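Structure assessment
In case you want the letters, here they are:
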Amino acid sequence: PTSAQFSVVPHSGRFRYTLDNDLLTTEQRQFYEDNGYLLIKKLVSDEDIERFRKEFTRICKREVKPPGVMIMKDESLKSQFGQSEKVVNKVQDFQEDEELFRYCTLPEVLKYVECFTGPNIMAMHTMLINKLPDSDKQTFLHPMHQDLHYFPFRPASRIVCAWTAMERAHQDNGCLVVQPGTHKTALKPHGYPEWEGKTNKLFHGLLDEDEKIPKVHLVMEKGDTVFFHPLLIHGSGINRTSGFRKSISCHFASSECHYIDVKNTTQEHLEKELEEMVRKKYNATSVELKDIWNFRARLVQGERINL
């Protein structure tokens with residue numbers, strides 16, 4: 001339960017992307033309406049962040065092996081550093097790791113999430129990102145993209161990402177970059193960018209990026225949390241420092257959202273790639289996209305309805 005009271009129907013006419021609540025100010029709602037994101041300062045405590053950092057280190061060292069977790073590494077650094085955080089770029093799908101999953105259940109995070117999703121909240125997609133110091137190959141640059149490209153459920157306005165900086169994020173270490181207002185556009189075609197360096201698996205980007213749309217670099221302090229719409233075009237630059245830029249995030253959705261069939265849409269090639277990866281990982285003969293998401297999804301508040 002959270003302190004805010006909600007109506008599940010959006011405000012008549014004025015607000016499309018938030019639900020009536022007694023937490024967000026009118027100015028905050030209007031900012032999200034216009035820009036597609038909202039930054040809340042110092043939302044997550046230093047104590048919680050240190051606990052997440054410790055658990056991430058344990059996962060890197062293979063001291064714990066949560067089921068279903070996907071660990072993304074820079075294989076070229078493995079011989080140099082072995083099993084350590086200096087190799088791991090991302091821990092994804094940590095929904096079965098109780099310590100990291102605490103992030104998705106923090107009351108201070110959920111009370112904001114509820115303003116976008118309503119009271120029945122599913123944690124759909126979890127990630128702890130450890131942006132490694134980059135080479136000139138720009139391996140860890142994430143091209144500009146829309147998160148909805150990855151999601152076979154709708155409506156988009158009842159999905160929100162919470163992204164928390166685990167240390168100061170700025171231009172030098174590859175902070176988030178957003179294009180304000182692009183959440184009002186349609187889902188655009190995505191694919192692998194034509195870069196010379198090796199691109200990371202599933203790091204899809206916009207195939208046709210409009211360079212004229214202004215970009216904003218979100219400089220964030222430790223514990224700052226940004227909430228953003230799944231159609232907002234965003235990405236992150238390369239880490240030009242010698243340190244690691246960590247963040248923890250979860251995509252939340254109303255459990256009243258519904259799955260869609262992505263056949264014959266711009267998302268179809270992603271579906272095939274994801275199903276193939278899961279088949280290889282688990283030696284499964286057949287797997288469907290909906291099954292993958294059912295496995296990832298966990299209820300964090302209210303009632304599980306559709307998802």
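Description of the structure in this document. Owing to the predicted nature of the structure, the values given are computational and were not obtained by experimental measurement.

Tallying secondary structure elements over the chain gives seven helices and 16 strands in all. Considering the chain as a whole, with its 307 residues, one finds that 57% of them fall into the buried category. Of the contacts formed within the chain by residues at least 6 apart in sequence, a portion of 80% connects residues at least 24 apart. As displayed, the chain has an accessible area near 13,700 Å², and 50% of this comes from carbon and sulfur atoms.

One water molecule sets the probe size; rolling that probe over the atoms shows where empty space is left. As enumerated under the stated definition, the model contains two cavities of 30 Å³ or more in all. Counted as a void, the second largest cavity has a volume near 40 Å³. Around the second largest cavity, the lining residues are H149, Y150, P152, V262, Q267, L270, E271, L274, L289 and W293. Contributing elements (two or more residues each) for the lining of the second largest cavity: α6 (268–282) and α7 (289–296). With three residues, α6 is the single largest residue contributor to the lining of the second largest cavity.

Moving on, we come to the side chain of D97. Mapping D97 onto the fold places it in the loop between β3 (88–92) and α4 (98–105). Look at D97: it is buried, it has no salt bridge, and the nearest opposite charge is R58 at 6.5 Å. Non-local contacts of D97, meaning those with residues more than four positions away in its chain, are made with E55, I59, V64 and P66.

On to the environment of V109, then. For V109, the position within the fold is in helix α5 (residues 107–117). The buried category is assigned to V109, whose relative accessible area is 0%. Considering only alpha carbons, one finds V109 and I40, 69 residues apart in sequence, at a separation of 9.9 Å. Every residue in contact with V109, bar those within four places of it in the chain, is listed here: L43, V44, Y103, A162, F227 and F252.

Turning our attention to the pattern of salt bridges. Here the structure, examined in full by the defined rule, presents 19 salt bridges. Between E50 and R53 there is a salt bridge, with the nearest N and O atoms lying 3.3 Å from each other. Taken together, the residues span about one helical turn, with E50 and R53 both in helix α2 (residues 46–60) at a distance of three residues. Here E50 falls in the partly exposed class, since its relative accessible area comes to 30%. Accessibility expressed as a relative area gives 19% for R53, which makes it buried. The partner of R58 in a salt bridge is E63, and the shortest N-O contact between them spans 4.0 Å. Judged by relative accessible area, R58 falls into the partly exposed class, the value being 36%. Of the residues examined, E63 reaches a relative accessible area of 51% and is grouped as exposed. Through salt bridges with shared partners, a single ionic network connects D48, R51, E99 and R102.

For helix α1 (residues 26–35), every residue scored as buried is listed here: R29, Y32, E33 and N35. If you follow the buried residues of α1, they end up packed against β1 (37–40), α5, β7 (159–165) and β12 (225–228). Downstream of α1 by a residue or two, G36 has a phi angle that is positive, lying close to 85 degrees.

We now examine the pairing of strand β4 (residues 121–131). By the criterion of burial, β4 is predominantly enclosed, with 11 of the 11 residues buried. Inspection of the sheet shows β3 paired to β4 by three bridges, in the antiparallel sense. Looking at β4, one finds that Q92 is bridged to M127. In this sheet, strand β16 (residues 298–301) lies alongside β4 in antiparallel orientation, the contact comprising three bridges.

Let's shift gears to the packing of α2 against α4. Relative to each other, α2 and α4 sit at 145 degrees, their axes nearing to 9 Å. Note on packing geometry: the crossing formed by α2 with α4 is left-handed. Mapping the contact onto sequence places D48, R51, F52, E55 and I59 in α2 and E99, L100, R102 and Y103 in α4. The class makeup of the residues in the contact of α2 with α4 is four nonpolar, no polar and five charged.

Calculation rules
- Residues numbered from 1 in each chain as written.
- Predicted model: local features only at pLDDT ≥ 70, side-chain atom pairs only at ≥ 80, totals over all residues.
- Heavy atoms only, no water.
- Helix = DSSP H or I, 4+ residues; strand = E, 2+ residues; numbered from the N terminus.
- Buried < 20%, exposed > 50% of the residue type's maximum accessible area, 1.4 Å probe, protein only.
- Contact = heavy atoms within 4.5 Å.
- Areas by Shrake-Rupley, 256 points an atom, 1.4 Å probe, with all protein chains shown as cover.
- 1 Å grid on protein atoms, 1.4 Å probe; cavity = no way out; pocket = protein on both sides within 12 Å on 5 of 7 lines; lining within 4 Å.
- Points joined across faces, edges and corners; volume = space filled by probe spheres on them.
- Lys, Arg positive; Asp, Glu negative; His and termini not counted.
- Salt bridge = Lys/Arg side-chain N within 4 Å of Asp/Glu carboxyl O.
- Pairing = 2+ DSSP bridges.
- Axes fitted to C-alpha atoms, helices over the stretch in contact; angles between N-to-C directions.
- Left-handed = near helix turned anticlockwise from the far one by under 90°.
- Nonpolar A, V, L, I, M, F, W, Y, C, P; charged D, E, K, R; others polar.

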